[in-house]
Amino acid sequence: MGILEVKNVNKRFGGLQALGDVNLSVAENTCHAIIGPNGAGKSTLLNCLVGKLIPDTGSVVFDGNSVLGRTPFEINQMGISRVFQTPEIFTDLSVLENMMIPILAKRDGSFRMHAIENMMSEKDVLDQAESMLVDMNMADKRNMHAASMSRGDKRRLEIGMCLSQQPRLLLLDEPTAGMARADTNNTIDLLKQIKDERDITIAIIEHDMHVVFSLADRITVLAQGSPLVEDDPENIKGNPKVREAYLGE
Ligand code: ADP
Ligand code: MG
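About the criteria used
Here the residue numbering is sequential within each chain, running from 1 through the sequence in written order. In the order they appear in the text, chains get letters beginning with A and ligands get numbers beginning with 1. Whole-chain, interface and lining totals are the exception, using all residues; otherwise, since this is a predicted model, local features are given only for residues with pLDDT of at least 70 and side-chain atom pairs are given and counted only at 80 or more. Residue ranges for the domains originate in an automatic or database domain assignment. Each residue gets a C-beta atom placed from its backbone, and two residues are in contact if those atoms lie within 7 Å. Secondary structure is summarised from DSSP: a helix means a run of H or I of at least four residues, a strand means a run of E of at least two, and numbering begins at the N terminus for each. One less than the number of residues in a helix, times 1.5 Å, gives the span that helix is expected to have. Buried, partly exposed and exposed are defined by the number of other C-beta atoms within 10 Å of a residue's own C-beta, namely 20 or more, between the two limits, and 12 or fewer respectively, with C-beta atoms placed from the backbone. At least two bridges found by DSSP between two strands is the condition for calling them paired. What the arc measures is the spread of directions leading from the helix axis to the C-beta atoms.

**With respect to the domain arrangement of the protein chain**
Argument step 1. When cut into domains, the protein chain gives domain 1 (1-79 + 167-249) and domain 2 (89-165).
Argument step 2. Domain 1 and domain 2 are separated by 26 Å when their C-alpha centres are compared.
Argument step 3. Counting residues at the interface gives 10 residues for domain 1 and nine residues for domain 2.
Argument step 4. Top contributing element to the side of domain 1 that touches domain 2 by residue count: helix 7 (residues 181-197), with five residues.

The structure is reproduced here in structure tokens:
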């Protein structure tokens, strides 16, 4: 039994079957990659896991509890954090202030607007945020305006913001999309480090096969809304069905 169990999930958008009978089991403390061509339903599936979309049928169970019918905020409180395709950080705030927000939100169970003004008086939260910046190797950037960071650093900050909530499952949707090779390699190293040092399960949607094969313990290939195959990276590499559907061979 995986920490995340998706069973027979279907999702339609009008006449389009975006997901058809999707089954997925993510084992605890592994990195599970979900790959597939554009439009295969990868982001739709991820949105069904975090409460942004509700499947038409099927079940999504995290750590023994159904996530269906819960709000994204409630699902986050259950221990799932998600990194978006484009970095979702507060560009008007400093790096340190950004890092404090998810910690406060998790602690208080809500995002209070007055929190920003009073944030610096929250000693525990400040300490946790500082320590996460050290873990992310960003302590020297603590007072930097978040808007002025490089794309790679914004991504690093966003991943740190997710980790600051101490999630049990980290979901990433194409975290290296649009990145230069050097930033991609830094992101791979960061995710490897997170995998090795933390008690965490990672599910990653990724286009870049170099990223996938650097990180994944297990891979599910989605094609036209349904799982084509799930296997270990070595077997995926040599699977002719995958090469045909995904690599276009
Ligand atoms: P992927 O992330 O694998 O590229 P998506 O999950 O974004 O694929 O999309 C799967 C299919 O569902 C695509 O054909 C896409 O156009 C369609 N789709 C996604 N979201 C919506 C939506 N909100 N409304 C209508 N169609 C959508
Ligand atoms: Mg997508």
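**Focus: helix 7**
Argument step 1. Compared with an ideal rise of 1.5 Å per residue, which puts 17 residues at 24 Å, helix 7 spans 24 Å between its outermost C-alpha atoms and is within 8% of the ideal.
Argument step 2. Elements that come into contact with the buried residues of helix 7 comprise helix 6 (151-163), strand 8 (201-205) and helix 8 (209-215).

**Let's talk about the pairing of strand 3 (residues 31-35)**
Argument step 1. The element strand 3 is extensively covered by neighbouring structure, given that five of its five residues are classed as buried.
Argument step 2. Alternating positions in strand 3 separate into two faces, C31, A33 and I35 on one and H32 and I34 on the other, with burial throughout.
Argument step 3. Bridging between strand 3 and strand 8 involves four bridges; their strand directions are parallel. Bridge pairing in strand 8 places I34 opposite I205.
Argument step 4. Across four bridges, strand 3 lies against strand 9 (residues 218-223) in parallel orientation. Across the sheet, residue A33 finds its bridge partner in strand 9, namely I219.

**Let's talk about helix 5 (residues 123-135)**
Argument step 1. Compared with the 18 Å implied by 1.5 Å per residue over 13 residues, the 18 Å span of helix 5 between its first and last C-alpha is a close match.
Argument step 2. Restricting attention to buried positions, one finds in helix 5 the residues V125, A129, M132 and L133. Burial along helix 5 is one-sided: seen end-on, the buried residues are contained in an arc of 105 degrees. Facing away from the buried side of helix 5, by more than 90 degrees, are the exposed residues K123, D124, D127 and V134.

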